[in-house]
Amino acid sequence: MTMGATTQAYGEPWYWDNRYANESGPFDWYQKYPSLAPLIKLYIPHPKQRILIVGCGNSAFSEGMVEDGYEDVVSIDISSVVIEAMQNKYANRAQLKYIKMDVRQMDDFQTGSFDAVIDKGTLDSILCGNNSRLNAIQMLGEIWRVLKDKGVYILVTYGAPIYRLGLLKDSCMWRIKLHVIEKLMIEEQSDSPIWDLTNPVPLDNDGRSVEELLGKNPDVHFIYICTKDESLKPGPK
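Procedures and definitions
- Residues numbered from 1 in each chain as written.
- Predicted model: local features only at pLDDT ≥ 70, side-chain atom pairs only at ≥ 80, totals over all residues.
- Heavy atoms only, no water.
- Pairing = 2+ DSSP bridges.
- Helix = DSSP H or I, 4+ residues; strand = E, 2+ residues; numbered from the N terminus.
- Axes fitted to C-alpha atoms, helices over the stretch in contact; angles between N-to-C directions.
- Contact = heavy atoms within 4.5 Å.
- Buried < 20%, exposed > 50% of the residue type's maximum accessible area, 1.4 Å probe, protein only.
- Right-handed = clockwise from strand over helix to strand, strands pointing away.
- Phe/Tyr/Trp six-rings, centres within 6.5 Å; stacked < 30°, edge-to-face > 60°.
- Parallel < 35°, antiparallel > 145°, perpendicular 65-115°, else oblique.
- Left-handed = near helix turned anticlockwise from the far one by under 90°.
- Nonpolar A, V, L, I, M, F, W, Y, C, P; charged D, E, K, R; others polar.

**Some remarks on the sheet that holds strand β5 (residues 147-157)**
In a beta sheet, neighbouring strands pair by backbone hydrogen bonds and run either parallel or antiparallel.
(1) Moving on: Spatial strand order, β3-β2-β1-β4-β5-β7-β6: seven strands in an open sheet with mixed pairing. Only two strands of the sheet have a single partner each, and these edge strands are β3 (96-100) and β6 (174-182). Averaged over all pairs of adjacent strands, the angle between their axes in this sheet comes to 20°, without regard to strand direction.
(2) Moving on: Judged from the four bridges that link them, strand β1 (residues 51-54) and strand β2 (residues 73-77) form a sheet pairing that is parallel. Looking at the pairing, L52 lines up with V74 of β2.
(3) Moving on: Relative to β3, helix α5 (residues 80-89) is tilted by about 155°, and along the sheet it contacts β2 and β3.

The following block contains the structure:
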């Protein structure tokens, strides 16, 4: 498979079924729970809040949240192979629920049923597939729908603001903050991080302020904190 075909396949269920059928240990895209925990606790401060993790794969992120005190973590993935494996692995952990579901069509979840949604790389995967923008808009619309008013969508992505802000703003009514975390190839945290994780990065309308502050290609993951705010909806004319 060529690099182009592999990238495109990230948006297809069969790719993930094949991958997880041949992948034994857990794998976390972008960041593991301990590195993001300070930010998670900042925006999801109460352990009883209901949390949805989309595109969970075989990540240990959900387990990390439960071990840190969160009591209701629902994880979904489009791959039946990985969901069955995770259901078997955590059969005795009532706080961890794994459901096969397409993030673009989460009909089994009622509107306004989650306090927070966490996405590490799922939007990025969908943007690599066919009909990428349409699928991304559908995904973001469903995430907005299942969130409670003032609920948060925490998006961890490689996409800089000039590539993601327009998509986020076109999809739904969000209040958006931006944080960044370095892409570390080793487990240890950097002694001198490029930016404090829990301190939002100044963000203007088109995101160019971030490029001016951090440079054109900073070696970071971007974390968008998107708060659902129904008061932003335009009223009747």
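Let's pick the thread back up.
**Quick notes on the pairing of β1**
(1) Moving on: With burial as the criterion, each face of β1 is covered, one bearing I51 and I53 and the other bearing L52 and V54.
(2) Moving on: A crossover connection joins β1 to the parallel β2 through helix α4 (residues 61-67); in handedness this β-α-β unit is right-handed.
(3) Moving on: Bridging between β1 and strand β4 (residues 114-120) involves four bridges; their strand directions are parallel. Paired with I51 across the two strands is A116, which belongs to β4.

**Things to note about the environment of I76**
(1) Moving on: Of note, I76 is situated in strand β2.
(2) Moving on: Relative accessible area serves as the criterion here: at 0%, I76 is assigned to the buried category.
(3) Moving on: In contact with I76, not counting residues within four places along its chain, are L52, I53, V54, G55, C56, I83, I99, M101, V103, M106 and F109.

**Here's the deal with the packing of aromatic side chains**
(1) Moving on: Under the definition given, this model contains five aromatic pairs.
(2) Moving on: Ring centres of Y33 and F61 lie 5.3 Å apart, and the angle between their planes is 85°; this geometry places the pair in the edge-to-face category. On the criterion of sequence distance, the pair formed by Y33 in helix α3 (residues 33-43) and F61 in helix α4 is long-range, its members being 28 residues apart. For the residue pair Y33 and F61, the accessibility class agrees, reading buried in each case.
(3) Moving on: Here the aromatic rings of F109 and F114 are separated by 5.0 Å at their centres, their planes lie at 80°, and the arrangement is edge-to-face.
(4) Moving on: Residue classification places F109 among the buried positions, given a relative accessible area of 7%.

**Side note on the packing of helix α7 (residues 132-146) against helix α8 (residues 161-171)**
(1) Moving on: Their axes nearest at 9 Å, the elements α7 and α8 cross at an angle of 55°. Our classification of the angle between α7 and α8 gives oblique. The handedness of the crossing between α7 and α8 is right-handed. In contact with R133, A136, I137 and L140 of α7, α8 contributes G166, L167, L168, D170 and S171.
(2) Moving on: Here the residues of the contact of α7 with α8 sort into five nonpolar, two polar and two charged.

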